[in-house]
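Chain by chain, the residues:
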Amino acid sequence: MEKAVEIQDLVKDFRTPGRKLPLRAVDRVSLTIAPGEVYGLIGPNGSGKSTTMKALLGLVQPDAGTCKIFGNDSMQVDSRQDVGFLPENPYFYKHLTGAETLRYYGKLCGLRGKALEGKVKELLELVDLGGASDRRVGGYSKGMLQRIGLAQALVQEPRLVILDEPTAGVDPVGSREIRDLIFDLKERGITVFLCSHLLEQVQEVCDRVGIIYRGKMVKEGPLDDLLSIGDQTELILRDASPELLEKLEAMIRSEAGTELLRCGRPKTTLEKLFLQETVGRKHP
Amino acid sequence: MSRVTRNRPLNPRRIGVITLHTFTQLVRMKVFYFLGFFALIVMVSNLLKIQDLGRPDLSGAEVLRSIRSWSLGTMTLFSVVLGVVATALLLPKDIEDRTLYTVLAKPVPRIDYLIGKLGGVLMLLFVSLLVMDLLMSGVLALRTHFVVAEQVAGLQARGWAADQIEAVRLETAKQGPTWSLQGAVLLVFLRAAVVASSALLLSVLSTSTLFTTITGVLVYFIGNFQGVARKIMSEEGMGFAERGAALAISTIFPDFGIYNMVDMVIQGEALAAVVVGKAIGLTCFYLLLHVFVSWLVFAKKEF
Ligand SMILES: Nc1ncnc2c1ncn2[C@@H]1O[C@H](COP(=O)(O)OP(=O)(O)O)[C@@H](O)[C@H]1O
Ligand SMILES: [Mg+2]
């Protein structure tokens, strides 16, 4: 099966004036993404996530190694037919409206006529910007910019979408909308390659993750394998009576070799609480 | 599995899309305000006869000459400044705003992007010069009509022969809106086009708006003095190294000498079609050269 993304031993050095040694931003990183997968690259700031993505898009030239998108080398223009990109903190042409922005990127991909207009409309609906489509992008909020950026990335119906910190700087509500859009892409069979430092979200949407630190890939694999703690089991009950709990505890104690580590109420996340108390509120 | 490839460089439609977009961007930056300003000044100066202020001896053909000189001078200034500034703004702005990422992440060959950007500036120059040209020609036609009528009436009163009057009339009409004048406007456009493509090259090299603007203006001045410099150098007799340096400068920096035929047109001389043809050829050569060198640099650039 053809891989959606194939990065092999990618090395990227940046030579900055005034510094003798070049800075190695990416150090022999290899990763492959199967079609339909959602892949998350995580790592602290400055660890080479964006540089890896730029190399995959041909925006920077690798010093060594190769990057391929659906078998096409990234330095070739044709490889970009199949990929949509949302850069980190995107800005768009301020003089264009939301609809004009999508139209422009669509035309760059060779769309025109009715097909283009239909696509623009569909995407504006998808990212929930139908009401703001006639406003200049210069006046968009951070979350709206991120969403028009996502729409722009999808305009030529690419099979792969690359998202560089898609939820950075967006409030939890907007960030959840973007997460839902990613789920939507996944359902439609689109391969997603994203990086983020919002680990909770990565955990929610990704099938596979790679952890990159100081340019090196330190850990990689399917999320379930990486996260499951081999020798532990979780049991979550609803409306359990104190008597039942006592019985269970007694049973466990009588079992040799098994140890009860913790028993108590699971916590909701602050994010869930925030959403429940703001947009999820029934009576404001 | 892989789809048909249709992303060859130099795709006219894609270049057209970028050109039109760049043009829109520049228009919405409100550079056209300058045009309105120009129109206003031309109208007002014509109404108040500013050309005649302090020069009461100015009469007949002199007035027309002064309008031509003033208009072509403004066109030159406007087009050169616009050519440098607009071009210097575009590329660094795209890089700074990171809009370039999203454009180049689409299947857009980098040469198409460069040509499209330059095309947008050229389109803006062409449209603005066209508007100014129409305005100037209109005013000139009107004034020529009045001046000729005045002259003919005066000469008739003095009892000149009809063929003599006709000769004077023809002489004055040369100061009106002639084909040579249109040729001169074309030369102004061509010069601005070369200025813009030089600025494109500079902005690819430096990606700084300020640097590009300053050096762009410098290139324009060096280009204007090249003819003079060459003359001086050939007279003084130089060493080998100096001659080499002079040759390098004259290759990189375009020689704007040929476009200075505009001055002759202001004086009422006719512009030979050969000169216009030569200027078009030279302009095309410089545009191609600048775009090609820009592309060599830009193709390897990282963002
Ligand atoms: N254009 C550049 N010039 C010089 N250094 C750069 C450039 N881009 C990135 N770097 C450096 O490379 C390293 C990795 O950067 P980046 O890929 O942006 O990290 P991340 O996206 O993981 O935060 C950082 O140390 C950064 O300073
Ligand atoms: Mg980054």
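Tallying secondary structure elements over chain B gives eleven helices and zero strands in all. Listed by position from the N terminus, the elements making up chain B come as α-α-α-α-α-α-α-α-α-α-α. Out of the 303 residues in chain B, the part that is buried amounts to 47%. For chain B, the exposed surface amounts to about 15,100 Å²; the carbon and sulfur share of it is 70%.

Residue and element names in this part refer to chain A. Scanning the entire structure with this criterion turns up 26 salt bridges over all chains. Ionic pairing is found between Glu157 and Lys119, a salt bridge with its closest N-O pair at 2.9 Å. With Glu157 in the loop between α4 (142-153) and β7 (160-164) and Lys119 in helix α3 (residues 113-126), the pair connects residues that are 38 residues apart, well separated along the chain. Taking the relative accessible area as the measure of exposure, Lys119 reaches 9% and is therefore buried.

The next subject is the nonpolar core. Among the nonpolar cores identified, the biggest contains 137 residues, and Leu31(A), Ile162(A), Phe193(A), Leu194(A), Leu72(B) and Phe298(B) are the most heavily contacted of them. Excluding residues within four positions of it along the chain, Leu72(B) makes contact with Leu181(B), Ala184(B), Val185(B), Val188(B), Val262(B) and Ile266(B).

Here the focus is the pairing of strand β8 (residues 191-196) of chain A. Residue and element names in this part refer to chain A. Here β8 lies mainly inside the structure; six of its six residues are buried. Across the two faces of β8 the burial is the same, with Thr191, Phe193 and Cys195 and Val192, Leu194 and Ser196 all buried. As paired elements, strand β3 (residues 38-42) and β8 share five bridges and run parallel to each other. Bridge pairing in β8 links Gly40 to Leu194. Bridge count for β7 against β8 is five bridges, and the pairing is parallel. Residue Val161 lies in a different strand from β8, and its bridge partner there is Val192. As a crossover connection, the stretch from β7 through helix α5 (residues 172-187) into β8 is right-handed.

With a phi close to 45 degrees, Phe70(A) is a non-glycine residue in the positive phi region. Note on Phe70(A): relative accessible area 3%, which makes it buried. The phi angle at Arg98(B) is positive, at roughly 60 degrees, despite the residue not being glycine. Within the secondary structure layout, Arg98(B) lies in the loop between α3 (61-96) and α4 (99-104).

Annotation of chain A at the domain level lists domain 1 (5-90 + 158-228 + 268-277) and domain 2 (234-264). Averaged C-alpha coordinates put domain 1 of chain A and domain 2 of chain A at centres separated by 41 Å.

Now for the sheet that holds strand β4 (residues 64-69) of chain A. All names here are of chain A. The strand order across the open sheet formed by four strands is β2-β1-β4-β5, and the pairing between neighbours is antiparallel. Each having just a single partner strand, β2 (23-33) and β5 (72-73) make up the two edges of the open sheet. Here β4 pairs with β5 via two bridges, running antiparallel. Note on β5: the bridge partner recorded for Ile69 is Asn72. Of the strands in this sheet, β1 (5-14), β2 and β4 touch helix α1 (residues 49-56), which is tilted by about 115 degrees from β1.

All names here are of chain A. Ser50 (OG) and Glu88 (OE) make up the full set of protein donors to the magnesium ion (ligand 2), lying at 2.0 to 2.6 Å. Taken together, the residues Ser50 in helix α1 and Glu88 in the loop between β6 (83-86) and α2 (98-108) connect sequence positions 38 residues apart. The class of Ser50 is buried, set by a relative accessible area of 16%.

All names here are of chain A. Of the two faces of β6, the one holding Val83 and Phe85 and the one holding Gly84 and Leu86 are both buried throughout. Pairing of β6 with β7, which is carried by four bridges, proceeds in the parallel orientation. Looking across to β7, one finds that Phe85 is bridged to Ile162.

Tallied over the full model, the rule gives eleven aromatic pairs over all chains. Plain terms: the ring middles of Phe256(B) and Tyr259(B) are 6.0 Å apart, the flat faces sit at 45 degrees to each other, and that makes the pair tilted. Judged by relative accessible area, which is 0%, Phe256(B) ranks as buried. In this structure, Lys12(A) is placed above the aromatic ring of Phe14(A), and the distance from its NZ or CZ to the ring centre is 5.5 Å. Seen from the ring of Phe298(B), Arg110(B) lies directly overhead, with NZ or CZ sitting 5.9 Å from the centre.

So, on to the environment of Gly138(A). Within the element layout of this structure, Gly138(A) appears in the loop between α3 and α4. For the pair formed by Gly138(A) and Leu260(A), sequence separation is 122 residues and the distance between their alpha carbons is 57 Å.

Taken together, the contact between chain B and chain A spans 32 residues of the former and 40 residues of the latter. Regarding the contact of chain B and chain A, the summed buried area is about 3,500 Å², with carbon and sulfur atoms giving 52% of it. Across the chain B-chain A interface, the total number found is three salt bridges. Across the pair Glu100(A) and Arg28(B) runs a salt bridge, and its minimum N-O distance is 3.2 Å. Between chain B and chain A we count twelve residue pairs in polar contact (both at pLDDT 80 or more) in total. Elements with a minimum of two residues in the side of chain B that touches chain A: α1 (12-28), α4 and α5 (110-157) of chain B. Tallying contributions element by element places α1(B) first for the side of chain B that touches chain A, with eight residues. Tallied by class, the residues present in the side of chain B that touches chain A amount to eleven nonpolar, seven polar and 14 charged.

A few words now on the sheet that holds strand β9 (residues 208-213) of chain A. Consider a sheet: its strands pair through backbone hydrogen bonds, and that pairing is either parallel or antiparallel. All names here are of chain A. What the six strands build is an open sheet, ordered β6-β7-β8-β3-β9-β10; its pairing is mixed. Whereas interior strands pair on both sides, the edge strands pair on one side only; in this sheet they are β6 and β10 (216-222). Going across the sheet, the axis of each strand differs from the next one's by a mean of 15 degrees, ignoring polarity. Of the strand pairs in this sheet, β3 and β9 are connected by four bridges, and their pairing is parallel. The residue of β9 that forms the bridge with Tyr39 is Arg208. Strand contacts of α5: β3, β7 and β8, with the helix running at about 155 degrees to β8, the strand carrying the most contacts.

The rules we used
- Residues numbered from 1 in each chain as written.
- Chains lettered and ligands numbered in written order.
- Predicted model: local features only at pLDDT ≥ 70, side-chain atom pairs only at ≥ 80, totals over all residues.
- Heavy atoms only, no water.
- Helix = DSSP H or I, 4+ residues; strand = E, 2+ residues; numbered from the N terminus.
- Buried < 20%, exposed > 50% of the residue type's maximum accessible area, 1.4 Å probe, protein only.
- Areas by Shrake-Rupley, 256 points an atom, 1.4 Å probe, with all protein chains shown as cover.
- Salt bridge = Lys/Arg side-chain N within 4 Å of Asp/Glu carboxyl O.
- Core = buried A, V, L, I, M, F, W, Y, C linked by side-chain atoms within 4.5 Å.
- Contact = heavy atoms within 4.5 Å.
- Pairing = 2+ DSSP bridges.
- Right-handed = clockwise from strand over helix to strand, strands pointing away.
- Domains from an automatic or database assignment.
- Axes fitted to C-alpha atoms, helices over the stretch in contact; angles between N-to-C directions.
- Donors = N, O, S within 2.8 Å, 3.2 Å for Na, K, Ca; no water.
- Phe/Tyr/Trp six-rings, centres within 6.5 Å; stacked < 30°, edge-to-face > 60°.
- Lys NZ or Arg CZ within 6 Å of the ring centre and 35° of its normal.
- Buried area = accessible area lost by both parts, 1.4 Å probe.
- Polar contact = N/O pair within 3.5 Å; in protein donor to acceptor, adjacent residues only side chain to side chain.
- Nonpolar A, V, L, I, M, F, W, Y, C, P; charged D, E, K, R; others polar.

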